[in-house]
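Inside the fold
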Amino acid sequence: MPEITAFEAPEIEWVALAPLLIVLGTGIVGVLVEAFVPARARRLTQIVLTLAALAGALVAVGVLWGMLQDTLTAQPGQEAALNPRVLGGTLFLTPFALGAQGIITILAILGVLVVADRTSTGEDAFAPTAAAVPGTHYEDLAREAGLRQTEIYPLLLFAAGGMMLFASTDDLIVMFIALEVLSLPLYVLCATARRRRLLSQEAAAKYFLLGAFASALFIFGVALIYGFGGMVVRGGNPDAIGVRLLEVSSASRNILSQGGSLPDGTAALYLAGVVLVVVGLLFKVGAVPFHAWTPDVYTGAPTPITGFMAAATKAAAVVALVQVLWRAGFGMAPDVVEQLQLAVVVIAVLTMAVGTVVGAVQTDVKRLLAYSSIAHAGFLVTGVVGFATVVDGGAAVSFVTPPEGQTIVAPDVIRGVLFYLLAYGVATVGAFGVVTLVRERSADGVILGEATDLAAWRGLGRRAPWLTAAFALFLLSMAGIPLTAGFVAKFGVFSAAVAAGYWWLAVLGVLASVVAVAFYVRVIVIMVMTPSNEETAAAAQGVVAVRDAGVPGSGAGLSGSGASGRGSADASAAPAGGAVEPAAPASGAVRTAAPEGGLATATVFGEEHEAKAEAAATDAVVVGSRGPAAVAVALCAAATLVLGLFPSLVLDLAEQATRYVP
Amino acid sequence: MNPYLPILILMGIGAVLALGGVGASAIIGPKRYNRAKLDAYECGIEPTPHALGGGRLPIKYYLVAMTFIVFDIEVVFLYPWAVDFTTLATFGLVAMFAFLALITVPFVYEWRRGGFDWV
């Protein structure tokens with residue numbers, strides 16, 4: 001047993017911690033605001049504080065970026081501007097990690113703007129008191145008392161801070177803490193939706209249970225790696241405690257590269273540990289087969305939170321995934337690395353396939369975007385498979401022949417992943433921001449919750465051209481259409497796969513993208529080229545009136561149903577055959593009445609036939625934003641266009657991020 | 001001797017004590033059941049709310065539980081610090097007070113938001 005004889009206070013590089021300290025510190029201040037600021041002023045105080053903290057963190061990241069680049073390009077004799085390895089790797093500011101911090105901050109700012117919007121209805125997306133049991137008198141009391149849950153802002157800051165730490169640490173225990181710091185606020189936030197309270201609480205419970213399970217796998221993996229490290233590293237150095245991955249894998253690599261062999265059975269221990277950690281990360285990424293929580297949680301959570309969660313969590317988790325895979329692979333035998341790489345390839349293929357195929361049949365906007373995020377997880381993992389490729393003197397070589405001298409993780413992976421995360425992130429926050437503004441309306445004109453059923457989105461393009469244009473832009477970017485950010489992003493990750501020697505994976509990725517285009521375009525067709533339910537009903541009414549009672553009972557069937565055309569394409573499969581029958585001739589009437597939209601109508605109706613065929617589809621109404629969400633959507637749209645038209649601005653920065661910190 | 005042998009012996013003693021206690025009380029203990037004895041036990045709270053009375057459950061229970069956690073965690077870290085107080089010196093003192101300040105924040109939040117107003 002080593003005895004601790006002396007304690008030396010560690011040197012802490014406070015500057016390197018600045019972005020984290022600003023975000024998490026303001027989160028704590030936010031809790032105190034909840035305690036001391038009167039209820040009236042809380043919301044505004046929180047919003048200003050949160051945005052200021054995130055903006056401050058972004059500035060800090062920018063300053064650190066400059067210092068880090070100076071350090072990396074410094075001549076040997078020069079004094080380093082920054083020690084990127086705080087406390088020996090507890091915080092490890094590689095340019096990649098710092099870039100991830102920047103992306104997470106940007107996405108958090110956009111996300112908070114969407115969260116802060118109360119829209120023209122005067123209500124935000126959150127329950128007055130999330131603790132009230134759904135359907136009880138207490139809920140009504142809370143609503144009438146005008147209670148508001150402003151705790152969401154500190155919770156968002158804690159989540160964002162956890163994500164930033166998650167992406168920039170080498171110590172697996174710190175990474176585990178960061179995982180919890182980012183997850184716990186998100187579990188709570190998922191349960192706070194104003195409407196459909198039960199669905200929201202169900203989402204939170206599912207996310208919590210599955211997330212806890214994934215965390216357990218993660219920490220189990222960390223324990224195995226700790227055991228491996230104890231046998232390999234700490235045999236000679238009893239003072240080293242903790243699970244710094246780079247330290248462990250470097251020691252293992254030293255043994256391997258000198259022709260030695262690891263103690264019996266430890267290689268398997270190490271591999272098992274790394275695989276378990278990676279499983280924990282893939283859960284957060286939402287990759288198949290660890291994706292099952294995604295659709296339910298994304299649907300149940302308040303939409304602004306879904307946007308933030310889908311964009312920022314993925315950024316943190318993917319960056320952590322690349323770092324863990326690369327650092328762990330560093331200390332493995334080449335054939336083991338190849339097997340690990342193959343496992344990642346299989347996950348990439350599965351994720352792309354499930355995301356695109358299952359996404360294509362969704363009829364709910366939030367669910368569709370959830371499956372789209374699974375598909376994007378697949379594209380991202382495609383970009384990650386090159387993790388084991390290292391570069392020596394400009395030429396890519398594989399781990400199979402370990403190069404001498406300085407090695408850096410494949411620049412294509414870093415560049416591709418960073419750009420993809422930003423492009424996907426702004427499109428996702430923007431798309432969910434649009435969803436928050438498209439609402440249902442009750443029969444007596446009261447604005448309700450979000451109209452997530454795609455049928456309600458028909459003809460939205462005529463009623464809200466700008467909003468529809470923005471949404472279409474985000475969808476096109478997610479589909480990877482040229483001139484949008486998504487195209488450059490996809491090009492980046494696929495070329496990273498090609499550079500790693502997996503050209504067939506890139507081909508599969510392109511094929512999956514083509515399938516994905518179909519389901520994104522389907523939504524655009526519904527919004528732009530399909531007449532709204534009201535128009536369809538009106539047209540049908542008119543024609544039927546002219547034809548008199550040609551079909552018995554048709555008048556009754558139509559007047560009550562705004563979506564008379566719904567059953568037209570496949571009347572026999574409808575549950576209420578009698579009620580739907582009169583709709584068939586009405587659809588013919590639609591074609592004569594609106595020839596330009598008729599064909600599209602028929603196909604689209606057929607596809608989403610299964611969605612609540614007995615209920616009448618009413619058109620969604622668009623509520624006005626009170627500013628923040630509109631700003632966020634506009635910023636996201638602008639970013640999507642700028643990243644698509646002038647990608648070099650960001651690609652240059654991403655190029656700088658490929659410099660590896662030894 | 002295998003270094004794991006004491007652990008095995010300890011596990012054996014534990015199993016004997018646990019099973020023996022349950023078994024002995026089942027054999028030699030008097031059996032006089034009443035309603036309270038047959039209730040499910042969940043740390044002093046009704047595991048399921050009563051159907052009558054609107055399914056109410058005492059929210060104070062959770063507040064007490066959370067307040068307990070605040071102080072419990074505080075003490076968990078205070079003990080080792082107290083043991084190594086001199087070794088950790090100024091750094092330890094500053095770190096500990098930062099920790100105490102941070103853990104007071106949720107306490108203050110609970111207090112200000114009426115978590116202790118039980119009347």
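Bear in mind that the values here come from a model prediction, so they are computed numbers and not experimental data. (Residues numbered from 1 in each chain as written. Chains lettered and ligands numbered in written order. Predicted model: local features only at pLDDT ≥ 70, side-chain atom pairs only at ≥ 80, totals over all residues.)

1. Here we look at the overall build of chain A
The number of helices and strands found in chain A is 25 helices and eight strands. Across the 662 residues in chain A, those meeting the buried criterion constitute 54%. Across chain A, the fraction of contacts at a sequence separation of at least 24, relative to all contacts at a separation of at least 6, is 79%. (Helix = DSSP H or I, 4+ residues; strand = E, 2+ residues; numbered from the N terminus. Buried ≥ 20, exposed ≤ 12 C-beta atoms within 10 Å, placed from the backbone. Contact = placed C-beta atoms within 7 Å.)

2. Quick look at the sheet that holds strand β7 (residues 447-450) of chain A
All names here are of chain A. Judged by pairing direction, the sheet is antiparallel, and its three strands sit side by side in the order β7-β6-β8 without closing on themselves. With one partner strand each, in any of the chains shown, β7 and β8 (621-622) form the two edges of the open sheet. One ladder, built from two bridges, connects strand β6 (residues 438-441) with β7; its direction is antiparallel. Within the sheet, the bridge partner assigned to Arg 441 lies in β7 and is Ile 447. Sitting on the sheet, helix α14 (residues 411-437) is in contact with β6, β7 and β8, with an inclination near 25 degrees to β6. (Pairing = 2+ DSSP bridges. Axes fitted to C-alpha atoms, helices over the stretch in contact; angles between N-to-C directions.)

3. Side note on the environment of Leu82(A)
All names here are of chain A. Here Leu 82 is to be found in the loop between α2 (39-73) and β1 (85-86). Separated by 10 residues in the primary sequence, Leu 82 and Leu 72 place their C-alpha atoms 9.4 Å from one another. In contact with Leu 82, other than residues within four places in its own chain, are Val 15, Ala 16, Leu 64, Met 67, Leu 68 and Thr 71.

4. Some words on the nonpolar core
All names here are of chain A. Grouped together as the largest cluster of nonpolar side chains are 211 residues, with contacts concentrated most on Ile 104, Ala 316, Val 384 and Val 417. Considering every element that reaches this core, the biggest residue donor is helix α11 (residues 303-330), with 19 residues. Leave out the neighbours within four places in its chain, and Ile 104 touches Ala 160, Met 163, Met 164, Ala 167, Ala 312, Ala 315 and Ala 316. (Core = buried A, V, L, I, M, F, W, Y, C linked by C-beta atoms within 7 Å.)

5. Considering the packing of helix α6 (residues 172-190) of chain A against α11(A)
All names here are of chain A. Running from amino to carboxyl end, α6 crosses α11 at an angle of 165 degrees, the nearest separation of the two axes being 12 Å. Taken together, the axis directions place α6 and α11 in an arrangement best described as roughly antiparallel. Judged by the twist between their axes, the crossing of α6 over α11 is left-handed. Taken together, the residues of α11 that come into contact with α6 (itself represented by Met 175, Leu 182, Leu 186, Leu 189 and Cys 190) are Ile 305, Met 309, Thr 313, Ala 316 and Ala 320. (Parallel < 35°, antiparallel > 145°, perpendicular 65-115°, else oblique. Left-handed = near helix turned anticlockwise from the far one by under 90°.)

6. Comments concerning the UniProt feature "domain: NADH:quinone oxidoreductase/Mrp antiporter transmembrane" (unreviewed entry) in chain A
Taking the UniProt record as the reference, the feature "domain: NADH:quinone oxidoreductase/Mrp antiporter transmembrane" (unreviewed entry) is found at residues 170-385 and 414-514 of chain A. Helix and strand shares over residues 414-514 of chain A are 69% and 8% respectively, and the end C-alpha atoms of the span are 25 Å apart. (UniProt positions renumbered as here; feature names shortened; annotations may be inferred.)

7. What about the UniProt feature "transmembrane region" (unreviewed entry) in chain B?
Under the feature "transmembrane region" (unreviewed entry), the UniProt entry names residues 6-28, 61-82 and 88-109 of chain B. Counting secondary structure, residues 61-82 of chain B comes out at 100% helix and 0% strand; the distance between its end C-alpha atoms is 31 Å.

8. Considerations on unusual backbone geometry
Residue and element names in this part refer to chain A. Geometrically, the link from Val 288 to Pro 289 is a cis peptide bond, its omega value of 5 degrees lying close to zero. Topologically, Pro 289 is positioned in the loop between α9 (266-285) and α10 (293-300). Positive phi outside glycine occurs at Leu 483, with the angle close to 75 degrees. By secondary structure assignment, the location of Leu 483 is in the loop between α16 (465-479) and α17 (485-499).

9. Concerning the environment of Leu93(A)
All names here are of chain A. Summarising the element assignment, Leu 93 is placed in the loop between β2 (91-92) and α3 (95-116). Of the residues examined, Leu 93 has 27 C-beta atoms within 10 Å and is grouped as buried. Distance from Leu 93 to Trp 293, taken between C-alpha atoms, is 31 Å for residues 200 residues apart in sequence.

10. A short note on helix α1 (residues 5-28) of chain B
Its 24 residues place the ends of α1(B) 33 Å apart at the C-alpha level, agreeing with the 34 Å of an ideal helix rising 1.5 Å per residue. α1(B) sits mainly on the outside: zero of its 24 residues count as buried. (Expected span 1.5 Å × (residues − 1).)

11. Considerations on the confidence of the model for chain B
Residue and element names in this part refer to chain B. Here chain B averages 84 in pLDDT, and 83% of its residues register 70 or above. Taking the mean pLDDT of every element in chain B, the minimum, 77, falls on helix α2 (residues 35-38) and the maximum, 94, on α1. For this predicted complex, the interface confidence score (ipTM) comes to 0.77, while the overall pTM stands at 0.83. (pLDDT = per-residue confidence, 0-100.)

12. Looking at the environment of Asp124(A)
All names here are of chain A. Turning to its location among the elements, Asp 124 is positioned in the loop between α3 and α4 (137-144). Exposure remark for Asp 124: the 22 C-beta atoms within 10 Å place this residue in the buried category. Here the alpha-carbon distance between Asp 124 and Ala 251, two residues 127 residues apart in the chain, equals 53 Å. When neighbours within four sequence positions are excluded, Asp 124 is seen to be in contact with Asp 117 and Arg 118.

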